[in-house]
Every structure is written in structure tokens, then in C-alpha cells.
Amino acid sequence: MTHETPDDLLYTDSHEWIDDREDTLRIGITDFAQDELGDVVFVELPSEGDSLESGAACAVVESIKAVSDIYTPVSGTVTATNEAILDQPELLNTDPYGDGWLFEIDGQVPDDALDADDYCEQIE
Amino acid sequence: MNYQQATWTRETDTGEPVNEPLLSEKRTQTVTYDDVDLPDELVRDELTLPEPAEPEVARHYTRLSQMNYSVEHGPYPLGSCTMKYNPKFIEDVAALEDGAIHPDRPDEYAQGTLGILHGLQEYLAEIGGMETATLQPPAGAAGEFTGLLVARAYHQSNDEDDQRREVIVPASAHGTNFASAAMAGYDVVELPSDEDGRVPVDALEEAVGDSTAALMLTNPNTLGLFERDIADIADIVHDAGGLLYYDGANLNALLGRARPGDMGFDIMHYNVHKTFASPHGGGGPGAGPIGVVDELTEFLPDPHVRETEDGSFELYEPAESIGKVHGFYGNWLVLLKTYAYISRLGDGGLKDTSAMAVLNANYLASQIDLDITYGPFHHEFVASAGDVDAAEFAKGMLDEGVHPPTTKWPEIVDEALMTEPTEALSKEQLDVLAAAFTATNRKTSDELADAPTTTAAARIDQTSAARNPRLSWQDVGENDE
Ligand SMILES: Cc1ncc(COP(=O)(O)O)c(C=O)c1O
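Conventions used here
- Residues numbered from 1 in each chain as written.
- Chains lettered and ligands numbered in written order.
- Predicted model: local features only at pLDDT ≥ 70, side-chain atom pairs only at ≥ 80, totals over all residues.
- Heavy atoms only, no water.
- Helix = DSSP H or I, 4+ residues; strand = E, 2+ residues; numbered from the N terminus.
- Rg over C-alpha atoms; globule rule 2.2 N^0.38 Å.
- Contact = heavy atoms within 4.5 Å.
- Areas by Shrake-Rupley, 256 points an atom, 1.4 Å probe, with all protein chains shown as cover.
- Core = buried A, V, L, I, M, F, W, Y, C linked by side-chain atoms within 4.5 Å.
- Buried < 20%, exposed > 50% of the residue type's maximum accessible area, 1.4 Å probe, protein only.
- Patch = residues over 30% accessible without salt bridge, like charges linked within 9 Å, V, L, I, M, F, W, Y side chains within 5 Å.
- Salt bridge = Lys/Arg side-chain N within 4 Å of Asp/Glu carboxyl O.
- Axes fitted to C-alpha atoms, helices over the stretch in contact; angles between N-to-C directions.
- Parallel < 35°, antiparallel > 145°, perpendicular 65-115°, else oblique.
- Left-handed = near helix turned anticlockwise from the far one by under 90°.
- Nonpolar A, V, L, I, M, F, W, Y, C, P; charged D, E, K, R; others polar.
- Pairing = 2+ DSSP bridges.
- Right-handed = clockwise from strand over helix to strand, strands pointing away.
- Near = heavy atom within 4 Å.
- Polar contact = N/O pair within 3.5 Å; in protein donor to acceptor, adjacent residues only side chain to side chain.
- Arc of directions from axis to C-beta.

(A) Quick peek at the overall build of chain A. Counting its regular elements, chain A contains four helices and nine strands. Helices (α) and strands (β) of chain A occur, in sequence order from the N terminus, as β-β-β-α-β-β-β-β-β-α-α-β-α. Here chain A has a C-alpha radius of gyration of 13 Å; the compact-globule value for 124 residues is 14 Å, and the two agree. Each principal axis of the C-alpha distribution contributes one length, and for chain A these read about 35 × 35 × 20 Å. For chain A, restricting intrachain contacts to residue pairs at least 6 apart in sequence, the fraction spanning at least 24 positions comes to 60%. Surface summary for chain A: the accessible area is close to 6400 Å², and the carbon and sulfur share equals 40%.

Shown next, in the form of C-alpha cells:
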């Protein structure tokens, strides 16, 4: 099965995406990740103002198959969270790169972030 | 020949099966209140309550029970869960009038009850190789939590609680082990299995240290394998200053033959519904006593039962008790059933139980045509559904009139079917179960995708159930799409 991996985003080994086109970085999970998880039924988000250390578990995504921790790929302060997904966790499945984003964080893109091609290679 | 659930209710015009209506959908009455002495925002002035006649209620629940599947219907080989048949005499014992005593009755007027509780403490201690056992925790998982609080109290008494922050749990352990450790305030360190499915001694040696509070282990483990290195494992944990916790879920494999205490375990729980007899939860009361070695008895929950010099029994609070984990001395009638079962079986009966549990699992495994990588196993085995999704395989088995095994756990086996027939199945029943495996194994993926077709309810829409739970009958019908 092929998965969407937009060229203008950066990716991590643990299947998060990073959008660095604005001042703050927006984080979500990839199309591949949502497909592996299956129907998402519950999401827990960090709080605005939380200061996170890269690699820390900061959100939880629960599907009918599994509960997964989401690790922030970036150190910094959480500036916004996507409240809409708390009521509509299915957005992670239907629009993982759009309305299904998780949170925004003030920080630096990590050096080991992957581009779309590298990430595609990894999930194949 | 196989069992099929009843479908009692059908649409009048199409004959399509439909769910048995809820009692409140059958007949209700609206009651109104006006002068209630409560703040307005807390009061509903109208309440709609179900109002069926007694025969309607009786029929409703009988129908539901016939649309169901339980250990009273047929084989129920959920691995690790030990879903065995509970002999009916335990219910008779629990229904005796003398059993219905108020838990606040003074000790001197409750000697019979206290005597039985004390007797059970002693039975369990003897069976597990422990010094004594507390009967208070209301389930196996609650026993784990209690056991870890005891471990913590022990480390506190040695001034080591600040440093011993980690509980080590093998990757193949039951989810409650991780959860109990976290609830007791510990950091969980996960230990992967070695290639032969057991605890890797080298990796354990590296994982233990000054920060180790305890290692939680079940033996035989969830693959049904005996942890052969248990003596070394115990030494490693003890040398590091940690305690060894035994998850008793698999004790039915060892009953009367080997004791966790003799293997070096310090704390253990007994799932009385698995190893002995008492119904499996189902929302009702349960019991998960824990046994401890001598050094830990003073930390047990309050109250504990002891025998006095004149041979009577009394409740007391152990000197450094962790306090209460449940009301009074636990769920008395469940404990009484356990006591009755152990007394009736006696030493010889308990020994036969473990022999039958192991024989049944090995016979069943010999009759089915699926890969079983890990062995030699005891009372349960983990087969692989191979290229088939284990959950689909399980749905297919439902159409064969049996309950399927536990699926997808432990994760070390691909598409795991964790199978435990229990000691309570006859050879005929084991053959029925084997035939269900064989028939399911022959099904095409399309057939499996449609399964189950013969049960009272087909596939449940788990996603909608989780995203949009209807927690009151009043919501029924409201969110129908
Ligand atoms: C290996 C294991 N440990 C612990 C438990 C928890 O026991 P309980 O269901 O009595 O809380 C179970 C229950 O299935 C189990 O299989």
C-alpha cells in the first residue's frame, strides 16, 4: 500500500511529521502511522506552555488496536494544540497532514529529521 | 455437532434477527417529584423508569443468557485467563445462611468466619510456599498493586525507597503487571524475552541494580514455558537488593507440584478464579489474595486474621501495615468458595488439577495443525495463525460454536492464539475444540471476513463504540446513523 508523504514536510523515524514553513513548528503523525494504528478513538495532547525535551513522550494516540505514545521530535515550548481532535479523533485518520495535526512547538528542527524521500524509503 | 447461540428476537416482517430490546424499551413509567430537599440543579422532576412485570424480567435475562457464551456453554480456551468451569457445590456453600454475617460483627461472635479466613490464609501459604496470605485484594490485578505496596513499604523500612524506583517486567507479561507497577509509583523497565521465550539471564543481570525494587514474573510464563533459570533469576534479583514478585495467573500448572516460595519468590498473588474456584469477575466481586515471605508479614493490609493462644481467632493490624486496599477482610463469600474448593480437592485433588491442566493443553496441541514454536509447554500454548490475522481466525472459530483463544498476545509470536483448555475439559470437549481449530484453519479469507454468521451478534463496530459510547439507555436510538 502506498502512503502519502508530502514533499514539503520533514519526518522522523518514529513516524511524526514536522512542518517548518511557519515560525513555530507544527507536529503530527504520518499517513503511514495512522494506517498502522487503525481507527483512532482517543487522543491526549500536551498543554500549551509545556516545555518539552526532544524524545519525550508528550501525547497519546489510542486506536482500537493499540495505544501509542507520541514523542516530540523537537525541544521547546508548546504554543498551540489541536483541540478539535479531542472530539474528533477520526481526523487523524482522514486528514493526518491537515486537520489532524497534534501540536505546535517553538523550537529548532532536529538535525536528524528526514526528508520525504528518505522517510518513504524507510517505510517501504 | 456444535453449540449455537439462540437468536430470540426477529423482525416480524423480514425475519431478520434483531437485538433483544432493553427492559426500558419494553415498558416504562414516568414518575414525577416535586418537593425534594435538594438544590434545584441536582433534581430532575421527572424520571422514566423501566416497569416490566417479573416474568418479563426473568425471560429477558434468560434470553440474554442464551444469546451469550460462557464456561457453562462449552470450551472457553482463553490463554492466561484460565476460564474453567466452577463446580456448583461452591454456590451451595456460599448460600448457607451462616455465611451471611455482617462484617462489623465482633470477633467473638464471628469465630466460624474468622476460622475459615484463617484456614484459607494457611492453605494459600502452604500452596504457595509463603509465610501467610492476605485475603483483602479484590482481584489478581489488585493483588499485584497490593504486593508492590508491600514491596515499597519494605524498601521504605530499609530507607531505600528513594533509590529503588524501578520495577522490571518481562515484555511477555500481562498488561496489569505494567499498570500495577505504574500505579504503585514505580518506573517500569521492560525486559525482552530471549529466543527460546524465557527471561534472558544476561540481560536481567544488566538491568538490575541499586534502583531495582522488584522483578515481576509468572512461571510458567505466558508462553506456557517453565522459567528454568528461576533459581539464578532469584539470586540475581536478591543480590541486587530487589524483591521477586510472582504473578499467580499460571499457578494452576504447578499446583501441588512446585511452589513459588521454594523458587525464591517473596510476594505472590493468587487469582482464585483461575487456580481454584470462584466466578470470573463479570463486574461482580472477586478475590486476589497475596502471599508473602516471613520478612514481609508486618506490612500486610489491615486487618489480618491470627490464631490466639486459646485457639480462637482475632483480627489485628500488622505492625507496619500498608493500610487497607479493600473494605474489611475482602470479599468473604468469594473467599469461602475458594476455601470450599481447596478443602474438597485436598492435596491429591490439587495435584490432579495441575496434571490435567498440562495434559489437556498438550493433548489439544497434538490435535491441531498450527505452528507452535515455543515448548515444552505446560498448561497453555501459543499457536500462530500464520498468514491469517489472529483476530479473524478467532471470529471464524465463533462459527464453530466454541470460544476462541486469547489473540495477539504475547507479541513474541506472530498472530498469536494463546490457548488454555484448562483442567476442566473432558477429552470429548477437547476434541470439539480441536475440530473447531481444524475447521477454521480451512476457511478462506472471505469466509473469515464474514464471520461470525451463526452467533447472536455479528461483528461489533468497535470504532463507533469507542468514539461514540452510549452510556445510558436513554441515548439508544439518539445517535443512530
Ligand atoms: C498473567 C496474568 N496476570 C495478571 C492477571 C490479572 O488478574 P485479574 O484478572 O484477577 O485482575 C491476569 C488476568 O487475566 C493474567 O492473565
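Having seen the model, we can carry on.
(B) Spatial organisation of the nonpolar core. Residues and elements named next belong to chain B. In this structure, L204, I233, I267 and F276 are the most contacted members of the largest nonpolar core, which totals 73 residues. With eight residues, the single largest contributor to this core is helix 11 (residues 332–366). Setting aside anything within four residues of it in sequence, one finds I233 in contact with V199, V201, L204, L215, L217, E227 and L244.

(C) Fine view of a nonpolar patch on the surface. Residues and elements named next belong to chain B. Judged by side-chain polarity, Y33, V36, L38 and L42 come together as a nonpolar surface patch covering roughly 380 Å² of accessible area. Structurally, the position occupied by Y33 is in the loop between strand 1 (28–32) and strand 2 (46–50). In this structure Y33 comes out as partly exposed when scored by relative accessible area, which is 42%.

(D) Quick peek at the packing of helix 5 (residues 140–157) of chain B against helix 6 (residues 175–183) of chain B. All names here are of chain B. Between helix 5 and helix 6, the least distance of the axes is 9 Å, while the angle of their chain directions is 40°. By the angle between their axes, helix 5 is oblique relative to helix 6. The chirality of how helix 5 crosses helix 6 is right-handed. Contact with helix 5, carried on its side by A141, E144, F145 and L148, involves T176, N177, S180, A181 and M183 of helix 6 and no other residues of that element. Looking at the contact of helix 5 with helix 6, its residues break down into five nonpolar, three polar and one charged.

(E) Spatial organisation of the sheet that holds strand 8 (residues 267–269) of chain B. Residues and elements named next belong to chain B. Across the sheet, which stays open at both edges, the seven strands sit in the order 3-9-8-7-6-4-5 with mixed pairing between neighbours. Since the sheet does not close on itself, it has two edges, and those belong to strand 3 (132–134) and strand 5 (187–191), each with one partner. This sheet shows a mean twist of 25° between the axes of neighbouring strands, independent of strand direction. Here strand 4 (residues 166–170) runs beside strand 6 (residues 212–217); their pairing, made up of three bridges, is parallel. From the neighbouring strand, V167 faces strand 6, where its bridge partner is A214. Relative to the sheet, helix 8 (residues 230–239) contacts strand 6 and strand 7 (243–246), its axis offset from that of strand 7 by approximately 135°.

(F) Examining the pairing of strand 6 of chain B more closely. Residues and elements named next belong to chain B. A large share of strand 6 lies buried, amounting to six of its six residues. As paired strands, strand 6 and strand 7 are joined by four bridges and run parallel to one another. Within the sheet, the bridge partner assigned to M216 lies in strand 7 and is Y245. Following the backbone out of strand 6, through helix 8 and into the adjacent parallel strand 7, one traces a crossover that is right-handed.

(G) Structural view of the site of the ligand. Residue and element names in this part refer to chain B. The ligand sits among S80, A139, G140, A141, E144, H174, T176, D247, A249, N271, H273 and K274. Between the ligand and K274 there is a distance of 2.7 Å, counted from an oxygen atom to a side-chain nitrogen or oxygen. Calculation on the ligand without its partners gives an accessible area of 390 Å², and the protein chains cover 87% of this total. Contributions of two or more residues to the shell around the ligand are made by helix 5 and helix 10 (272–275). By residue number, the principal contributor to the shell around the ligand is helix 5, which donates three residues.

(H) Structural view of unusual backbone geometry. Cis rather than trans, the peptide bond between N219(B) and P220(B) has omega equal to -5°. Position of P220(B) relative to the elements: it lies in the loop between strand 6 and helix 8. With an omega of 0°, the peptide bond running from D302(B) to P303(B) counts as cis. Examined against the element boundaries, P303(B) turns out to sit in the loop between strand 9 (290–292) and strand 10 (304–307). Residues other than glycine seldom take positive phi values, yet H15(A) does so here, at roughly 70°. Using a relative accessible area of 22% as the deciding quantity, one classes H15(A) as partly exposed. Phi angles above zero are rare outside glycine, and D159(B) is one such case at about 60°. For D159(B), the position within the fold is in the loop between helix 5 and strand 4.

(I) How the structure looks around the side chain of T212(B). Residue and element names in this part refer to chain B. Relative to the helices and strands, T212 resides in strand 6. Overall, the relative accessible area of 0% leaves T212 in the buried class. There is a polar contact of 2.9 Å between the side chain of T212 and the backbone nitrogen of G209.

(J) Representation of helix 4 (residues 116–123) of chain A in the model. All names here are of chain A. Every buried residue of helix 4 is accounted for by A116, Y119, C120 and I123. Buried residues of helix 4 fall within an arc of 100° about the axis and therefore sit on the same side. Facing away from the buried surface of helix 4 by more than 90 degrees, the exposed residues are D117 and E121. Turning to helix 4, the residues buried within the fold contact strand 1 (10–11) and helix 1 (31–37).

(K) Representation of the packing of helix 12 (residues 390–398) of chain B against helix 13 (residues 427–441) of chain B in the model. All names here are of chain B. Look at helix 12 against helix 13: their axes get within 9 Å of each other, and the N-to-C directions meet at 120°. If you check the angle between helix 12 and helix 13, you find them oblique. Taken as a pair, helix 12 and helix 13 cross one another with a handedness that is right-handed. Of the residues in helix 13, those in contact with F393, G396 and M397 of helix 12 are L433, A436, F437, T440 and N441. In the contact of helix 12 with helix 13, the residues fall into five nonpolar, three polar and no charged.

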